[in-house]
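# Architecture at a glance
Here are the chains, one letter per residue:
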Amino acid sequence: MTMRGLGLAALLATTALPATAEKVFVSNERGNTVTVLDATSWEVLEEFSAGNRPRGITMSPDGKLLYVCASDDDLVRVFDTETYEEVHTLPSGPDPELFVLHPSGNPLYIANEDDNLVTVVDTESHTVLAEVPVGVEPEGMGISADSKWVVNTSETTNMAHFIDTSDYTIKHNILVDQRPRYAEFTADGKWLFVTSEIGGTVSVIDMTGDAPNLTQKIGFEVSGVQPEWLQPVGAKATEDGNWLFVALGPANRVAVININTMEVEKYILVGQRVWQLAFTPDEKFLVTTNGNSNDVTIIDVEAQEAIRSVQVGQQPWGAVVTPE
C-alpha cells in the first residue's frame, strides 16, 4: 500500500471509532469498591477503592465527577470518572446513605441515617449550607423536576418529608407505610412514588394540587413468593411517564407498573436481593444491583425482559450511568 493509501486507511479507522462509551458505576457495599462497566459491551472495565461501605452513588450533570456516600467514613467521596482518582471529599452527617443532586449540579442533598438530618452541601465550596431536621433514620431522597421540592423518607417515622429548596424548611409531611426507602418523581412532576420496604407497597402521591396528596397504595403479589419477601426498595420512572420499575429486594424481582393505570403489569426475574436501579441515558436498558448474588442484571426496557447478568464486587448496592 502507498503512503497515501496508509494515510487514508488511518483516517478512515480514526473516523470509524465510536464515541467514548457510556459507563456504569456500581457501589459495592461490603467490598468497599466501585465497579465500572462498559454500558455497550457490559464488560467490567475497572474496580477501584471507594472508602468504607459505599452505598448511595450519583454523578455530576457533565459526567465528570462521581459522588459516593462512604457511609462508615461519614462523608461523601468524589472521584474523577475517567481516572477513577479521588479528587476531594464533601462533608455530611454520620452514616450518609442516599443523596440527590440538584439538576444544575449544586447543591447536594444528603440523608444521614444516624443523626435524623438532611445535610445540604455546596459542591463547589465544599461547605454545608444547611442541616434540615427530619424523621428517624432518613434514607430516600428525591427532587422534583422544577427543583422546588426535595423529598426525604424516614424509615422509622414512616414519613415522606417535603423540603422547600428555597429556604430548606419542611412544608409538608405525609405518612406512608413501614420503612420507606425511595422517593421517585415523574419527569413531568405530576406524581411522586414512595416505596415502603416492610409495608410492601408503593405510595402514590399526586403533586398537582396546592399540597401533595396521597391517592393510593400499590401492592404486589407473585405466585410462589412469600408476601414478606415482596419488599419494594429502589424505583425508577421512565422519562415519558408511562412506566415505573420497582426493585422488590429478596423477592428477586423487578415489578413493572403502568403509571397510566397504576397497576402492576409484569414481574421480571433478576438476581438475588435486588436493591437499586439505573437507566442508561437513552432508557434502552435498566441496570439492577443484586446484593446477594454479587451481580447486576441488564433489563431491556422496551421488551421488559432481563437479557444478561454481570458479576461485579461484593454486595452491590447502587448504580449510576454516565450521561449522554
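Computed from a prediction, not measured in an experiment: that's the story for all the values here. (Residues numbered from 1 in each chain as written. Predicted model: local features only at pLDDT ≥ 70, side-chain atom pairs only at ≥ 80, totals over all residues. Heavy atoms only, no water.)

Right, let's get into the pairing of strand S4 (residues 54–59). Of all the six residues making up S4, six are buried; the element is thus mostly covered by neighbouring parts of the structure. With four bridges connecting them, S4 and strand S5 (residues 65–70) associate as antiparallel partners. By the bridge assignment, Pro-54 is partnered in S5 with Ala-70. Linking S4 to S5, which pair antiparallel, is a turn of five residues; within it Gly-63 sits at a positive phi near 75°. (Buried < 20%, exposed > 50% of the residue type's maximum accessible area, 1.4 Å probe, protein only. Helix = DSSP H or I, 4+ residues; strand = E, 2+ residues; numbered from the N terminus. Pairing = 2+ DSSP bridges.)

Moving on: the confidence of the model for the protein chain. Across the protein chain, the average pLDDT comes to 94, with 94% of residues at or above 70. Low pLDDT (under 50) marks residues 1–19, which in the prediction has two contacts with non-local residues, meaning those over four places away or in another chain. (pLDDT = per-residue confidence, 0-100. Contact = heavy atoms within 4.5 Å.)

A few words on the pattern of salt bridges. Under the defined criterion, the tally for this structure stands at 16 salt bridges. Of the charged contacts, one joins Glu-155 and Arg-181 as a salt bridge, the two residues approaching to 3.2 Å between their closest N and O atoms. You can see Glu-155 sitting in the loop between strand S13 (149–154) and strand S14 (159–164) and its partner Arg-181 sitting in strand S16 (residues 180–185), a full 26 residues away along the chain. With respect to burial, Glu-155 and Arg-181 carry one shared label: buried. Between Lys-217 and Asp-177 there is a salt bridge, with the nearest N and O atoms lying 2.9 Å from each other. One end of the pair, Lys-217, is in strand S19 (residues 213–218); the other, Asp-177, is in the loop between strand S15 (169–175) and S16, with 40 residues separating them in the sequence. Through salt bridges with shared partners, a single ionic network connects Arg-55, Asp-95, Glu-97, Glu-113, Glu-139, Glu-155, Arg-179, Arg-181 and Glu-197. (Salt bridge = Lys/Arg side-chain N within 4 Å of Asp/Glu carboxyl O.)

Tracing the backbone through its elements, the reader meets Gly-224 in the loop between S19 and strand S20 (235–237). The class for Gly-224 is exposed, based on a relative accessible area of 77%. Between the C-alpha atoms of Gly-224 and Ala-251, which are 27 residues apart in sequence, the distance is 9.9 Å.

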